[in-house]
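One letter stands for each residue in the lines below.
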Amino acid sequence: MSFRFRVSALLATLVLFSSACQAQSKDSRIQDDEAEIRRFLATSGEAVKADDVEAEVNRFTEDGIYMWPDAPAIAGHEALRQWFEQRFQLVDVQLENRSEELVISGDWAFERGAYTALIRPKDGVQIDTVVGKYLNVLRRQPDGSWKVARRIRNRDHPPRGG
């Protein structure tokens, strides 16, 4: 066996090994990202249930946008803060999200799911149940955490009387 052949075989083996390690490293990174995103998403109803405006606002990126049914888009932390303050003053909400799909691509991810919300006006006892679907677009932050860059919610049925 010639020296050139042995060197070529060794180089080919190193290239294959390196590719396998990179693929394994990429798969591991995606699994880590998925676990981190799922932890973040699992806490989505806590701030709403506690009427914690700052915690809910801080789930969004600074330029985050929330597209709520039948309303203009709510863009940026200050607008989100005002919207959540008003919302939390009017109603108590128990929110259950059910994630149905999560796709990660680099520093971006999207999560699609369905939700059920029990909504009770603070000035009354009537409880309304809202069922719908949502889409979260998430962006990795410089510290490695994930936040919502865009969120849209839609009801499966029009509101009562509408």
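Just above, that's the structure.
Residues numbered from 1 in each chain as written. Predicted model: local features only at pLDDT ≥ 70, side-chain atom pairs only at ≥ 80, totals over all residues. Heavy atoms only, no water.

Draft legend 1. Examining the overall build of the chain more closely. Counting its regular elements, the chain contains four helices and six strands. Reading the chain from its N end, one meets helices and strands in the order α-α-α-β-β-α-β-β-β-β. By sequence separation, contacts in the chain at least 24 residues apart represent 52% of the contacts at least 6 residues apart. (Helix = DSSP H or I, 4+ residues; strand = E, 2+ residues; numbered from the N terminus. Contact = heavy atoms within 4.5 Å.)

Draft legend 2. Broad picture of the environment of Val91. Looking at the secondary structure, you find Val91 in strand β3 (residues 91-105). Considered as a pair, Val91 and Ile119 are 28 residues apart in the sequence and their alpha carbons are 6.4 Å apart.

Draft legend 3. Examining the packing of aromatic side chains more closely. Evaluated as defined, the whole model comprises eight aromatic pairs. Considering the side-chain rings of Tyr66 and Phe84, the 6.0 Å spacing of their centres and the 35 degrees angle between planes classify their relative orientation as tilted. Linking Tyr66 in strand β1 (residues 60-67) with Phe84 in helix α4 (residues 77-90), this pair joins segments that are 18 residues apart in sequence. For Tyr66, a relative accessible area of 3% translates into the label buried. (Phe/Tyr/Trp six-rings, centres within 6.5 Å; stacked < 30°, edge-to-face > 60°. Buried < 20%, exposed > 50% of the residue type's maximum accessible area, 1.4 Å probe, protein only.)

Draft legend 4. Structural view of the sheet that holds strand β2 (residues 74-75). On the basis of which strands lie adjacent, the open sheet formed by six strands has the order β2-β1-β6-β5-β4-β3 and mixed pairing. Here the strands that pair on one side only, and so sit at the sheet edges, are β2 and β3. As defined by bridge partners, strand β5 (residues 128-140) adjoins strand β6 (residues 146-155) across nine bridges and the pair is classed as antiparallel. Across the sheet, residue Arg140 finds its bridge partner in β6, namely Trp146. (Pairing = 2+ DSSP bridges.)

Draft legend 5. Representation of the environment of Asp52. Tracing the backbone through its elements, the reader meets Asp52 in the loop between α2 (44-49) and α3 (53-57). Sequence separation between Asp52 and Phe88 is 36 residues, and the spatial gap between their C-alpha atoms is 8.3 Å. Not counting chain neighbours up to four residues away, the residues in contact with Asp52 comprise Ala47 and Phe88. Polar side-chain contacts of Asp52 include one of 3.4 Å to the backbone nitrogen of Glu54. (Polar contact = N/O pair within 3.5 Å; in protein donor to acceptor, adjacent residues only side chain to side chain.)

Draft legend 6. Here's a closer look at the side chain of Asp33. Mapped onto the secondary structure, Asp33 falls in helix α1 (residues 3-42). Excluding anything up to four places from it in sequence, Asp33 contacts Ile104, Gly106, Arg140 and Trp146.

Draft legend 7. Broad picture of the pattern of salt bridges. One pass over the structure, following the stated rule, counts 16 salt bridges. Linking Arg98 and Glu96 is a salt bridge whose minimum nitrogen-to-oxygen distance equals 3.8 Å. Its relative accessible area of 30% is what places Arg98 among the partly exposed residues. Notably, a salt bridge pairs Asp156 with Lys133, separated by 2.9 Å at the nearest N-O pair. One end of the pair, Asp156, is in the segment after β6; the other, Lys133, is in strand β5, with 23 residues separating them in the sequence. Judged by relative accessible area, which is 38%, Asp156 ranks as partly exposed. (Salt bridge = Lys/Arg side-chain N within 4 Å of Asp/Glu carboxyl O.)

Remember, this is a structural readout, not a statement about activity or role.
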